[in-house]
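# Architecture and fold: a report
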Amino acid sequence: MQTRELLVSAPGKVILHGEHSVVHGKVALAVSLNLRTYLRLQSTASGEVRINLPNIDTFLAWEITALQPLLAGCEEQGDLKELDADLLKRLREFTGILDDSTDTRSMAVLAFLYMYLTVFAEALSSITVSVWSELPTGAGLGSSAAYNVCLSAALLSARGTISSPLTPQQESARWCKEETELINRWAFMGEKIIHGNPSGVDNAVGTWGGFLRYHAGNITPLSWVPILRILLTNTKVPRSTKVLVSGVKDKINKFPSVMKPVLESVSAVSCTCEQTLTEMATHGPSAEHYNILEELIDINQHHLNVMGVGHTSLDTLCRVTLARGLHSKLTGAGGGGCGITLLRPETDASVIQSTFEELKSCGFDCWETSIGAPGVQQHSSAALGQDILKILNSY
């Protein structure tokens, strides 16, 4: 252990354009959401490993002497491409978590223990980890990825595998490119444990932040993009990503000559949006840029309804916001879940407030926030709000 305490955060994510393009080899744009997960890691002399899972006021603890035997026969984590299936099996037996369990809490425990054991390996140390998140779980906002990115960064730093980039003169700091890539690879392992076969988009956004282009399995961070203000709305309508993705595939198989051009058009929307964002970053944002972004939002939302992933709750979101001159679309798998509303720089505060209140009256949760936020960061206590510190210190 090279540190007594680490404070780390990572952002959530939204899909700006290209929902369901990811599984069909088309272009999608993912972007970091400035709602973050925060992690505090402390080294202790307790002989235990303890974790407080996000937004659950209960500690879980294990004796290091009980965890040590689980490492017997573990292979060296080299290229981090495959999970150690034997270790994962032993962890499931140790915790009593069944193979077919999809419980969020159980999967988070498995991801933590797997990463802790494989990062620290033969030098297991006593640590206490506390996690708190601004992100709702199960809403398609990358909450599990933000959790895994924070775990990866904190554990690797505490072990000394990567540096602790924060200097006494700084309040927040980022890791270098090589170390960030390692954080992302470890976070992807955690995502595999929780989701089975993730695309890698969520953990990449949580690691690098900003805007990312996803095409045919390749993820490319976009540089010098603007931060955009949005309203984020959670309709709180539950949906199954698996069912929605399957439904889109069925529709493509049934009407290939109709649906394939729709996917091509969605991909074109993503590319046009990317071009617009690049122009905004290069020449500064203009009213015309915002006009284009609003039109693309409307076009993409119509695409998604054609694909069968709309919902009456999302129609309500679009109706309420459009009545005030604002433009909205779903983000994620659809069928409910979350939507985003673009806010122009000149949008009056009274318009935002009235929109917020009406959406709340519909039974939705709303946040005013931004997209394009920084990726994973290490912080000093001075960088975090007192409310966040109070929560992390209360565990």
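Whatever comes next refers back to the structure up there.
For the structure given in this document, a descriptive report is provided here.

Conventions and cut-offs
- Residues numbered from 1 in each chain as written.
- Predicted model: local features only at pLDDT ≥ 70, side-chain atom pairs only at ≥ 80, totals over all residues.
- Heavy atoms only, no water.
- Helix = DSSP H or I, 4+ residues; strand = E, 2+ residues; numbered from the N terminus.
- Buried < 20%, exposed > 50% of the residue type's maximum accessible area, 1.4 Å probe, protein only.
- Contact = heavy atoms within 4.5 Å.
- Areas by Shrake-Rupley, 256 points an atom, 1.4 Å probe, with all protein chains shown as cover.
- Lys, Arg positive; Asp, Glu negative; His and termini not counted.
- Charge placed at Lys NZ, Arg CZ, Asp CG, Glu CD.
- Disulfide = S-S within 2.5 Å.
- Pairing = 2+ DSSP bridges.
- Arc of directions from axis to C-beta.
- Expected span 1.5 Å × (residues − 1).
- Salt bridge = Lys/Arg side-chain N within 4 Å of Asp/Glu carboxyl O.
- Core = buried A, V, L, I, M, F, W, Y, C linked by side-chain atoms within 4.5 Å.

## Describing the overall build of the protein chain
Along its length, the protein chain carries 12 helices and 13 strands. Along the three orthogonal principal directions, the C-alpha set of the protein chain runs to about 60 × 50 × 40 Å. Looking at the 395 residues of the protein chain, the share that counts as buried comes to 54%. Across the protein chain, the fraction of contacts at a sequence separation of at least 24, relative to all contacts at a separation of at least 6, is 76%. Carbon and sulfur atoms form 51% of the exposed surface of the protein chain, whose accessible area is close to 16800 Å². Of the charged side chains in the protein chain, 31 are positive and 39 negative; the average position of the first set lies 3 Å away from that of the second.

## What to know about the state of the cysteines
Tallied over the entire structure, the rule returns 0 disulfides. Of the cysteine sulfurs around C273, a residue in no disulfide, the closest is that of C271, at 9.9 Å. Its sulfur unpaired, C366 is 8.6 Å from the next cysteine sulfur, which belongs to C362. We classify C366 as buried; its relative accessible area is 8%.

## Side note on the pairing of strand β8 (residues 218–222)
Bridge analysis of strand β7 (residues 211–215) against β8 gives 5 bridges, and the strand direction is antiparallel. Across the sheet, residue F211 finds its bridge partner in β8, namely L222. Remark: 2 residues form the turn of the hairpin made by β7 and β8, two consecutive strands paired antiparallel; A216 in that turn has positive phi of roughly 50°.

## As for helix α12 (residues 386–394)
Those residues of α12 not exposed but buried are I388, L389 and L392. Down the axis of α12, the smallest arc covering the buried residues is 95°, so these residues share one side. Facing away from the buried surface of α12 by more than 90 degrees, the exposed residues are Q386, D387, K390 and S394.

## Concerning unusual backbone geometry
Phi is positive for A216, which is not a glycine, with a value near 50°. Mapped onto the elements of the fold, A216 is located in the loop between β7 and β8. If you check the backbone angles, K236 has positive phi at about 65° while not being a glycine. With respect to the secondary-structure elements, K236 resides in the loop between β9 (228–234) and α7 (241–254). According to the relative accessible area criterion, K236 is partly exposed, its value standing at 46%.

## What to know about helix α5 (residues 177–195)
End to end, α5 covers 26 Å across 19 residues, agreeing with the expected 27 Å (1.5 Å per residue, within 8%). Residue G196 follows α5 closely and has a positive phi angle near 90°.

## As for the environment of I64
Within the element layout of this structure, I64 appears in helix α1 (residues 64–67). When near neighbours in sequence (up to four residues on either side) are disregarded, I64 contacts G47, E48, V49, Y116, L124, S125 and S126.

## Overview of the pattern of salt bridges
In the structure shown here, the tally under the stated rule is 13 salt bridges. Taking the shortest distance from any N to any O, the salt bridge between E274 and R213 comes out at 2.7 Å. Here E274 is found in helix α8 (residues 256–283), whereas its partner R213 is found in strand β7, with 61 residues between them in sequence. For R213, a relative accessible area of 23% puts it in the partly exposed group. With a shortest N-O distance of 3.1 Å, R229 and E368 are connected by a salt bridge. Note that R229 is positioned in strand β9 and E368 in strand β12 (residues 365–371), a separation of 139 residues in sequence. If you follow the salt bridges from partner to partner, you end up with E294, R344 and E346 in one network.

## Digging into the nonpolar core
A general trend in soluble globular proteins is that nonpolar side chains are found buried together. F112 and Y116 are the most contacted members of the largest nonpolar core, which totals 82 residues. A per-element tally of this core places helix α3 (residues 104–120) first, with 13 residues. For Y116, the residues in contact, after removing those within four places along its chain, are V49, I64, L67, A121, L124, S125, I127 and L155. Within the second largest apolar cluster, 13 residues are counted, among which are I252, M259, M307 and V309.

## Side note on the environment of S125
Topologically, S125 is positioned in the loop between α3 and β5 (127–133). Owing to a relative accessible area of 15%, S125 belongs among the buried residues under this scheme.

## A closer look at the environment of A72
Tracing the backbone shows A72 in the loop between α1 and α2 (85–95). Between the alpha carbons of A72 and E122 there is a distance of 9.7 Å; along the sequence they are 50 residues apart.

## Let's talk about the pairing of β9
The element β9 is extensively covered by neighbouring structure, given that 6 of its 7 residues are classed as buried. Bridge analysis of β9 against β12 gives 7 bridges, and the strand direction is antiparallel. In the sheet register, I230 faces β12, and the bridge partner there is T369. Bridging between β9 and strand β11 (residues 338–343) involves 6 bridges; their strand directions are antiparallel. Looking at the pairing, T233 lines up with G339 of β11.

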